[in-house]
Amino acid sequence: MIIAQISDTHIALDTPDADRRIRDFERTIDDINSLDPAPDVIIHTGDIVHNGTLDEYVLAATIMSKAKLPIHLMVGNKDDRFNLRKTFSSSGYLASNPDFVSYAIEDFSVRLLMLDTLHPGSNKGDFCEDRISDLVDLIGAHPERPTAVFAHHPPFHVSEGPDPLHFQTDEIMQRFRRALQRSASIVGIFCGHVHRGVAGVVGNIPVLVVPSIATTLRKGEYPPELTTCPIYHLHKYDPDWGFSSEIRIVRDQ
Ligand SMILES: [Fe+2]
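Residues numbered from 1 in each chain as written. Predicted model: local features only at pLDDT ≥ 70, side-chain atom pairs only at ≥ 80, totals over all residues. Heavy atoms only, no water.

**Looking at the overall build of the chain**
Counting its regular elements, the chain contains 5 helices and 11 strands. Taken over the C-alpha trace, the chain has a radius of gyration of 17 Å; the compact-globule value for 253 residues is 18 Å, and the two agree within 12%. C-alpha extents for the chain along the principal axes are approximately 45 × 40 × 40 Å. In the chain, which comprises 253 residues, the proportion classed as buried is 56%. Expressed as a percentage of contacts within the chain between residues at least 6 apart in sequence, the contacts between residues at least 24 apart total 67%. Accessible surface, the chain as shown: approximately 10,900 Å² in total, 51% of it carbon and sulfur. Charge-centre separation for the chain: the mean point of 24 positive side chains lies 2 Å from the mean point of 35 negative side chains. (Helix = DSSP H or I, 4+ residues; strand = E, 2+ residues; numbered from the N terminus. Rg over C-alpha atoms; globule rule 2.2 N^0.38 Å. Buried < 20%, exposed > 50% of the residue type's maximum accessible area, 1.4 Å probe, protein only. Contact = heavy atoms within 4.5 Å. Areas by Shrake-Rupley, 256 points an atom, 1.4 Å probe, with all protein chains shown as cover. Lys, Arg positive; Asp, Glu negative; His and termini not counted. Charge placed at Lys NZ, Arg CZ, Asp CG, Glu CD.)

Next up, the structure:
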């Protein structure tokens, strides 16, 4: 079971680097298509587009239509739930929750829980009581099955960057962390949002954060020859050994 995780493509029509963001996304899809063995699924952990407009989602959908694998999407702070649903509703998997874009993917040896941490109008995340309740229900549907969580905002302090807290308040983040630890079935948490590769923990659960696909928005130090190379993660799940993750660099052609 191999998951290709991408994040923060920030597709936009109105920025000077718009063409490069499109190209970064296209090259990433091409690279995933070339992998052998092929992953089983692509997960996008949000900030698919930059302004949440339908035009941007239509463009993002065109790019993603080139993927040979199914792609499952999660909203980030730059996304718009309504326009996301409008563009991708035909895929079927977004319909389970009318309020939030939270859902489970049951097709693989590890369950994938996609959790919506969007707080509209804010860059910081939220996880309200309704979403706690949804999470308890999602976990409770198959509490015996190993489960991986995908969410946009990392539920730990990221010391690099201007502000370590990526939720509305520390209390909200702690509430989310407690909810994630209520079941022993969650074996990994995978996020985006901070545009840099970092790692953390929630109790005993490891958390990995993938850099942004948009290379113009990526944070952190990279050698000059890699500044134009998108980076994503491959998470391999083994029932006996759990997850092992590696960084994939999309080299210039
Ligand atoms: Fe982002």
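**Describing the coordination of the iron ion**
Of the protein atoms, only D8 (OD), H10 (NE2), D47 (OD) and H195 (NE2) coordinate the iron ion, at distances of 2.1 to 2.2 Å. Around the iron ion, the 4 donor atoms sit at angles spanning 90 to 175°, and that spread fits a shape best called irregular. (Donors = N, O, S within 2.8 Å, 3.2 Å for Na, K, Ca; no water. Tetrahedral: all angles 85-135°; square planar, octahedral: opposite > 155°, others 65-115°.)

**Observations regarding the sheet that holds strand β6 (residues 147-151)**
Taken in spatial order, the 6 strands line up as β4-β5-β6-β7-β9-β8 in an open sheet, and their pairing is mixed. Each having just a single partner strand, β4 (103-105) and β8 (198-202) make up the two edges of the open sheet. Recorded for the sheet is a direction-independent mean angle of 25° between the axes of neighbouring strands. Pairing geometry for β4 and strand β5 (residues 111-115), over 3 bridges, is antiparallel. Residue pairing in the sheet places I105 in a bridge with L112 of β5. Strands in contact with helix α4 (residues 129-141) are β4, β5 and β7 (186-191); relative to β5, the strand with the most contacts, it is inclined by about 170°. In the packing of helix α5 (residues 170-180) onto the sheet, contacts are made with β5, β6, β7, β8 and β9 (205-209), and the angle to β8 comes to roughly 70°. (Pairing = 2+ DSSP bridges. Axes fitted to C-alpha atoms, helices over the stretch in contact; angles between N-to-C directions.)

**So, the packing of aromatic side chains**
How two aromatic rings sit relative to each other is set out by the distance from centre to centre and by the angle between their planes. Applying the stated criterion across every chain yields a total of 7 aromatic pairs. Residues Y57 and F88 carry aromatic rings whose centres are separated by 6.4 Å and whose planes lie at 90° to one another, so their mutual orientation is edge-to-face. Taken together, the residues Y57 in helix α2 (residues 54-64) and F88 in helix α3 (residues 81-88) connect sequence positions 31 residues apart. The exposure class of Y57 is buried, given its relative accessible area of 0%. On the basis of an interplanar angle of 50° and a centroid distance of 5.6 Å, the ring pair of F167 and F176 is categorised as tilted. (Phe/Tyr/Trp six-rings, centres within 6.5 Å; stacked < 30°, edge-to-face > 60°.)

**Brief notes about the pairing of β6**
Among the 5 residues of β6, 5 are classified as buried, and the element is accordingly described as predominantly covered. In β6, alternate side chains face the same way, and those of T147, V149 and A151 on one face and A148 and F150 on the other are all buried. Sheet topology note: the β6/β7 ladder contains 4 bridges and is parallel. Of the residues in β7, the one forming a bridge with F150 is F190. Where the polypeptide runs from β6 across α5 and back to β7, its parallel neighbour, the crossover connection is right-handed. (Right-handed = clockwise from strand over helix to strand, strands pointing away.)

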